[in-house]
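Examination of the molecular architecture
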Amino acid sequence: MILVVGANGMLGHDLMQELNGAVQGVDLPDIDITSFESVLEVVERTKPRIVVNAAAYTDVDGCESNSELAMQVNGEGVAFLAMASRTVGAKLVQVSTDYVFDGGKGSPYLEDDAPGPLSVYGESKLAGEMNAKFNPDHLIVRTQWLYGVHGKNFVETMLRLAGEKNELAVVVDQIGSPTWTVDLARAIRELVEHDCTGIYHAANSGFCSWNDFAGAIFEESGLSIRLNPLTTEQLNRPARRPLYSTLDCSKLAADAGFVPQPWREALKQYLKLRKG
Ligand SMILES: NC(=O)c1ccc[n+]([C@@H]2O[C@H](COP(=O)([O-])OP(=O)(O)OC[C@H]3O[C@@H](n4cnc5c(N)ncnc54)[C@H](OP(=O)(O)O)[C@@H]3O)[C@@H](O)[C@H]2O)c1
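Everything numeric here is computed off the predicted structure, so don't read it as measured data. (Residues numbered from 1 in each chain as written. Predicted model: local features only at pLDDT ≥ 70, side-chain atom pairs only at ≥ 80, totals over all residues. Heavy atoms only, no water.)

**Describing the overall build of the chain**
- Regarding its fold elements, the chain presents 11 helices and 12 strands.
- At 18 Å, the chain has a C-alpha radius of gyration in line with the 19 Å of a compact globule built from 276 residues.
- Counting across all 276 residues of the chain, residues that qualify as buried make up 54%.
- Taking contacts inside the chain between residues at least 6 apart in sequence as the whole, the part at least 24 apart equals 80%.
- About 12,100 Å² of surface is accessible on the chain, with carbon and sulfur atoms providing 49% of the total.
- Side chains of the chain give 24 positive and 36 negative charges; the mean places of these two sets differ by 4 Å. (Helix = DSSP H or I, 4+ residues; strand = E, 2+ residues; numbered from the N terminus. Rg over C-alpha atoms; globule rule 2.2 N^0.38 Å. Buried < 20%, exposed > 50% of the residue type's maximum accessible area, 1.4 Å probe, protein only. Contact = heavy atoms within 4.5 Å. Areas by Shrake-Rupley, 256 points an atom, 1.4 Å probe, with all protein chains shown as cover. Lys, Arg positive; Asp, Glu negative; His and termini not counted. Charge placed at Lys NZ, Arg CZ, Asp CG, Glu CD.)

Here it is in structure tokens:
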């Protein structure tokens, strides 16, 4: 049985759909990963073969003012999951982020490139990666710019704003790969089925800026919204973000035979699906 922790989240929902075989999902309040007692109780009772952790404190700006909670959920919580999964002989799959990098490399990041988080969120997720290693049978999957039908995300924000305004300013100087949670869940399934361990990068292929992504959302939705450029500096968010943090996913292709589709194809499918 595969235990999905954080099953009510955006990725968690799609993991529940995509993972083959017996899958069980848990989330708050039935498990609190900041409590070792809670984690151990659930893991010992359910005796999974694999634990997939999709639970996290994902409010990147919120983490800046709640660093203790960020570290508890994204760092310490993963240590508890690693220890508990190890106790029952289960593999731990930990989902991580491009925000462990500083974005200064200038080309797609490889799995063994040196991390350098710029934010509390990035630091806490890096602590989670390190703590996942308390279970020698671990798989760490870094991803980025997620959207899916079961969570708040950039696509939904843009579509909502398009209903309120006919002109928007969106960031031009952050580059990444928008990634559909369904494609990420498929990548995780393939990695698990191929019994991969260690660190892997998984994101839809190709890359763009947030401004390009917004343009594609409007174009594919038949909306004509005037898009203006905005810089990261002008936006002035509490958490610093990497400017260029695309992930090289060739290890995923080589070891699990999975190449995520281009981001724009994924976006088209998502938009079709959300319309119902
Ligand atoms: N979203 C992105 O763009 C992005 C990018 C890169 C990587 N990631 C990573 O991908 C993973 C999934 O992200 P997501 O966007 O799907 O997250 P999400 O929608 O925010 O879901 C996270 C889930 O974890 C639960 N949770 C929070 N604290 C918990 C705790 N102490 N114990 C148990 N469950 C807890 C949340 O419950 P509540 O809602 O009740 O708090 C929620 O159901 C995370 O590891 C995230 O860091 C996300």
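**Regarding the environment of Leu 139**
- Positionally, Leu 139 belongs in strand E5 (residues 138-143).
- For the pair Leu 139 and Glu 129, spaced 10 residues apart in sequence, the C-alpha separation works out to 9.3 Å.
- Beyond its immediate stretch of four places on either side in the chain, Leu 139 contacts Lys 91, Leu 92, Val 93, Gln 94, Leu 191, Val 192, Cys 196, Thr 197, Gly 198 and Tyr 200.

**Let's talk about the site of the ligand**
- Taken together, 24 residues sit near the ligand, with Leu 11, Asp 27, Thr 58, Tyr 121 and Lys 125 positioned nearest.
- The backbone of Val 95 places a nitrogen or oxygen atom 3.3 Å from an oxygen atom of the ligand.
- Leu 146 places a main-chain nitrogen or oxygen 3.0 Å from an oxygen atom of the ligand.
- Per-element tally for the shell around the ligand: the top contributor is strand E4 (residues 91-97), with 3 residues. (Near = heavy atom within 4 Å. Polar contact = N/O pair within 3.5 Å; in protein donor to acceptor, adjacent residues only side chain to side chain.)

**Quick word on the packing of aromatic side chains**
- All told, the structure shown has 11 aromatic pairs when counted by the stated rule.
- Centre to centre, the rings of Tyr 99 and Tyr 121 are 6.1 Å apart; their planes meet at 90 degrees, and the pair counts as edge-to-face. In this pair, Tyr 99 is assigned in the loop between E4 and helix H5 (120-132) and Tyr 121 in helix H5, connecting sequence segments 22 residues apart. The pair Tyr 99 / Tyr 121 is uniform in exposure class, with both members buried. (Phe/Tyr/Trp six-rings, centres within 6.5 Å; stacked < 30°, edge-to-face > 60°.)

**Focus: the packing of helix H2 (residues 36-46) against helix H4 (residues 67-87)**
- The contact between H2 and H4 brings their axes to 9 Å, and the two run at 30 degrees. One way to sum up the angle between H2 and H4 is to call them roughly parallel. As for the relative orientation of H2 and H4, their crossing is right-handed in sense. Each of Phe 36, Val 39, Leu 40, Val 43 and Glu 44 in H2 lies in contact with H4, whose residues at this interface are Phe 80, Leu 81, Met 83, Ala 84, Ser 85 and Thr 87.
- When grouped by side-chain class, the residues that make up the contact of H2 with H4 number 8 nonpolar, 2 polar and 1 charged. (Axes fitted to C-alpha atoms, helices over the stretch in contact; angles between N-to-C directions. Parallel < 35°, antiparallel > 145°, perpendicular 65-115°, else oblique. Left-handed = near helix turned anticlockwise from the far one by under 90°. Nonpolar A, V, L, I, M, F, W, Y, C, P; charged D, E, K, R; others polar.)

**Focus: the nonpolar core**
- In this structure, Val 5, Ile 33 and Val 39 are the most contacted members of the largest nonpolar core, which totals 29 residues.
- At the level of elements, strand E1 (2-5), H2, helix H3 (60-65), H4 and H5 are the ones that each hand at least two residues to this core.
- Counting residues per element, this core draws most heavily on H4, at 7 residues. (Core = buried A, V, L, I, M, F, W, Y, C linked by side-chain atoms within 4.5 Å.)

**Examining the pattern of salt bridges**
- A complete count under the given rule lists 18 salt bridges for this structure.
- When the shortest N-O distance is used, the salt bridge between Asp 61 and Arg 237 registers 2.8 Å. Here Asp 61 is found in helix H3, whereas its partner Arg 237 is found in the loop between helix H9 (232-235) and helix H10 (250-256), with 176 residues between them in sequence.
- Its relative accessible area of 12% is what places Asp 61 among the buried residues.
- Arg 237 sits in the partly exposed class, given a relative accessible area of 43%.
- Its salt-bridge partner being Arg 186, residue Asp 183 comes within 3.3 Å of it at the nearest N-O pair. (Salt bridge = Lys/Arg side-chain N within 4 Å of Asp/Glu carboxyl O.)

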